[in-house]
Amino acid sequence: MASYSQAVLDEIRAAVDVVDLVSRFVNLRKAGQNWKGLCPFHMEKTPSFMVNPKKGIFHCFGCGVGGDAFGFLMRQDKLSFPEAVRALAKQAGVALPEERGSAGERGREELLRTMELAWRFYVDKLWKPEGEQARQYLAQRGIDPEVARRFGLGLAPEGWEGLQSFMRSEKVTDDALVAAGLAIPREGRAGVYDRFRGRLLFAIRDLQGRVVAFGGRAFGDEQPKYLNSPETSLYVKGNLLYAADLARPAIQAKNRALLVEGYVDCLMAHQHGFTETVAALGTAFTPAQLGLLKRYCDDAILFFDADAAGSRAAERAEELLEPTGSSMAWAVNRTGALESSGALRLRVALLPAGHDPDTFLRTSGAAAFEERIGAARSLLSYALDRAIADPEGATGPRARTSAFARAALMLAKVGDAQEAAQLSREAAQKLGVDATQLWIEAQRLQTALRRPVTTHPSTPATTPPSVERDLVVLLLNSTEAREVLLPMVVEAEDLAHAPFRTIVAALRLRPSVPAESLMTDLATDEARGVLAALLVEERAEVDVRVSIEQFRRRLERSQRLRRAREVSQSIADVQAKTGAAAPPLHEELRMLHQETAVVYEITGGVAQSLEPRTPGSEGAETHE
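Residues numbered from 1 in each chain as written. Predicted model: local features only at pLDDT ≥ 70, side-chain atom pairs only at ≥ 80, totals over all residues. Heavy atoms only, no water.

In this section: the overall build of the chain. When you go through the chain residue by residue, the secondary structure sums to 25 helices and 18 strands. Contacts in the chain between residues far apart in sequence, at least 24 positions, make up 67% of those at least 6 positions apart. With an accessible surface of roughly 29800 Å², the chain has 52% of that area assigned to carbon and sulfur atoms. (Helix = DSSP H or I, 4+ residues; strand = E, 2+ residues; numbered from the N terminus. Contact = heavy atoms within 4.5 Å. Areas by Shrake-Rupley, 256 points an atom, 1.4 Å probe, with all protein chains shown as cover.)

The biggest cluster of nonpolar side chains holds 66 residues, and the ones touching the most others in it are Tyr122, Leu153, Leu182, Phe214, Tyr242, Phe303 and Phe369. Ranked by residues supplied to this core, first place goes to helix α5 (residues 103–126) with 10 residues. By size, the runner-up hydrophobic cluster in this structure holds 55 residues, among which are Tyr4, Val85, Leu302 and Val348. (Core = buried A, V, L, I, M, F, W, Y, C linked by side-chain atoms within 4.5 Å. Buried < 20%, exposed > 50% of the residue type's maximum accessible area, 1.4 Å probe, protein only.)

Another point: the sheet that holds strand β10 (residues 211–218). The sheet built from 4 strands is open, its strands ordered β6-β9-β10-β11 with antiparallel pairing. Here the strands that pair on one side only, and so sit at the sheet edges, are β6 (154–156) and β11 (226–228). Strand-to-strand, the axes of this sheet are offset by a mean angle of 35°, without reference to chain direction. As judged from the 7 bridges shared by strand β9 (residues 199–205) and β10, these two strands associate in the antiparallel manner. Residue pairing for β10: Arg199 is matched across the bridge by Ala218. (Pairing = 2+ DSSP bridges. Axes fitted to C-alpha atoms, helices over the stretch in contact; angles between N-to-C directions.)

With that settled, the discussion passes to the confidence of the model for the chain. For any part of a model where pLDDT is low, the fine detail of the predicted coordinates should not be relied upon. Averaged over the chain, the pLDDT score is 81; the fraction of residues at 70 or greater is 80%. Predicted confidence for residues 323–341 stays below pLDDT 50, and this span has 48 contacts to residues more than four positions away or in other chains. Between residues 452–461, whose pLDDT stays under 50, and residues either more than four places distant or in other chains, the model counts 11 contacts. (pLDDT = per-residue confidence, 0-100.)

Moving on: the packing of aromatic side chains. For the structure shown, the criterion picks out 22 aromatic pairs. Seen in terms of ring centroids, Tyr122 and Phe214 are 5.2 Å apart; in terms of plane orientation they differ by 90°. Their pairing is edge-to-face. In this pair, Tyr122 is assigned in helix α5 and Phe214 in strand β10, connecting sequence segments 92 residues apart. For the pair Trp160 and Tyr193, a centre-to-centre distance of 5.4 Å together with 75° between the ring planes defines the contact as edge-to-face. Here Tyr193 lies in strand β8 (residues 192–194) and Trp160 lies in the loop between β6 and α8 (162–169), a separation of 33 residues in the sequence. (Phe/Tyr/Trp six-rings, centres within 6.5 Å; stacked < 30°, edge-to-face > 60°.)

Let's shift gears to the environment of Gly291. Mapped onto the elements, Gly291 comes out in helix α12 (residues 287–294). Separated by 248 residues in the primary sequence, Gly291 and Met43 place their C-alpha atoms 9.7 Å from one another.

Here the structure, examined in full by the defined rule, presents 29 salt bridges. Among the salt bridges present, the one from Asp68 reaches Arg13, with a minimum N-O distance of 3.2 Å. Within this pair, whereas Asp68 is found in strand β5 (residues 66–68), its partner Arg13 is found in helix α1 (residues 6–15), the two being separated by 55 residues in sequence. By relative accessible area, Arg13 is classed as buried at 10%. Across the pair Glu441 and Arg444 runs a salt bridge, and its minimum N-O distance is 2.7 Å. Placement of the pair is Glu441 and Arg444 together in helix α18 (residues 435–449), with a separation of 3 residues, close to one helical turn. A relative accessible area of 23% means that Glu441 is categorised as partly exposed. (Salt bridge = Lys/Arg side-chain N within 4 Å of Asp/Glu carboxyl O.)

Okay, the side chain of Asn34 next. Turning to its location among the elements, Asn34 is positioned in strand β2 (residues 34–37). For Asn34, the side chain forms a polar contact with the side chain of Asn52, separated by 2.9 Å. Ignoring sequence-local partners within four residues, the contact set of Asn34 consists of Arg29, Met50, Val51, Asn52, Pro53, Val536 and Glu538. (Polar contact = N/O pair within 3.5 Å; in protein donor to acceptor, adjacent residues only side chain to side chain.)

Here Arg510 lies in the loop between α22 (498–509) and α23 (525–536). In terms of polar contacts, Arg510 uses its side chain to reach the side chain of Gln6, at 3.2 Å. Aside from chain neighbours lying at most four places away, what touches Arg510 is Gln6, Asp10, Ser517, Leu518 and Asp521.

Before going further, it helps to spend a moment on the environment of Val473. In this fold, Val473 is placed in helix α19 (residues 466–477). The sequence separation of Val473 and Arg539 amounts to 66 residues, and the corresponding C-alpha distance is 9.8 Å. Residues within four places of Val473 in sequence aside, it is in contact with Leu534 and Arg539.

Here the focus is the sheet that holds strand β3 (residues 49–52). Spatial strand order, β1-β2-β3-β4-β5: 5 strands in an open sheet with antiparallel pairing. Either end of the sheet is taken by a strand with one partner, and the two such strands are β1 (29–31) and β5. For this sheet the average axis-to-axis angle between neighbouring strands, irrespective of direction, equals 25°. Sheet topology note: the β2/β3 ladder contains 3 bridges and is antiparallel. By the bridge assignment, Lys36 is partnered in β3 with Met50. On top of the sheet, helix α3 (residues 69–77) reaches β3, β4 (57–60) and β5; it is set at about 115° to β5, its chief contact.

Okay, the pairing of β3 next. Side chains Phe49 and Val51 project from β3 onto one buried face, and the interleaved Met50 and Asn52 project onto a second face that is buried too. In terms of strand pairing, β3 meets β4 through 4 bridges, oriented antiparallel. The partner of Phe49 across the bridge, within β4, is Cys60. The turn joining β3 and β4, which pair antiparallel and follow one another in sequence, is formed by 4 residues; a positive phi near 70° is taken by Gly56.

See the structure below:
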């Protein structure tokens, strides 16, 4: 797996705070020596994702995934190993040797470099004399220069080749500009021209703070009003949220996110102290975006104009209520309280007709905005109102029966049990029916809607023998144990569990390194997950020397047993071929049997028969 020297990898690993890295994506809480949170790699309602800061590793006891900082970033941001190393090295300030990556890796790195250069070009233009018009526009919109700098706003100058000319001086090809979405091929002839011209540019970053796209705002009545980057290998608009990298700390601290629709709305919210605000990227909020927010908070508030709030909120709720493979049925815990599935709670804050967050904040201020947030209503309440209302305005018993069925179906798709219970009470009151009946029907439908949950491929299929687990843990945690026991371990014979064999084989190659350093030596996700699980677990203190002596005797016994079986098989082979006995081998077998019996007696075992067996003999051979 590693294409860098172990010294470099260890230096990066030591310089990166894995808790800080993971907490950018997961809400973590202290749990003994570890930190705990909801796993970002599978849906769960009870936290089973652990991070150990001392050893720099993570492990999920729910799905089996585990690794170090490199492995986490690879999974989280879909990076190759070299890309993850480069990203963390940059963060840690560790210089990397020059390397030749694969064509795909080089291509991605080139696109990121291209976007970074373009962003610096645009920012430079905004704050130079030629950016006067853009700066006046920002002033008219009430955007503070400090906020504009914090968000990395820029200016795409007029002209067809402004960016292109700059990029040529930086040795960036036209093909790279097109691939990054910054240039468009000319029709009917060779060459390209700039995509963004005469526009205020909003830099769109991924969660690592890297520029991956731009949104361009026209200054006047030019069409389109907003021009956004096309989707590229770096950028899928439905998977990112504008300003998520800047808002993440505040979202985690306040345990809520504010979702607005426009770039300027987002800037103005941050300027007024609502730094937990993010924005959609020219599209309705997607389940992927809400899933991203769920890693950091439990509550998200959307803002709608009062005139359109009801219908738009209901439509949005219905879009987001499709059942998924990871849906869980509601449950009741031992105290009689409902167990939540950990779903993100969505609420709608209403603004006066004709207002958006930008205009409302500038005219009414932060206090009034906070009041609107406090009065926010559940997004699902709007969907419930729509479900209850008859599409044709009909009334009577038949209409109420249909409304009951529609309400139960909607409730069945609500992931959060507490919210579902509250909504069922609201619906029952509006329908004039018993809330318990509605709740039972919703539960029945939820069971029918749920799709089978597939087992995560990383989950171990079998439980490894405890004695093998204890041996591997001892080897991982004691250099003294490695010196004594590693020469005695025969992986193929002493370790039945494949990941344990892989871990011990890696340890044999580098017996003096800290156990967590082996993470980059292991070739499979399963082995890395098992290693992470062994390192994360908090274990009771043991007497290392006593444990070493116990395992030394056990392994010595295993060695003698293997030798005895080999001798026994040799005797059987000789007898089968010649019909004659093999006195020297018989004598060796008797000696081995005596010695093994002594070892068994010391370790509290019972000696087994080592007589050669013929095919069809009764009994099963005992393996250690």
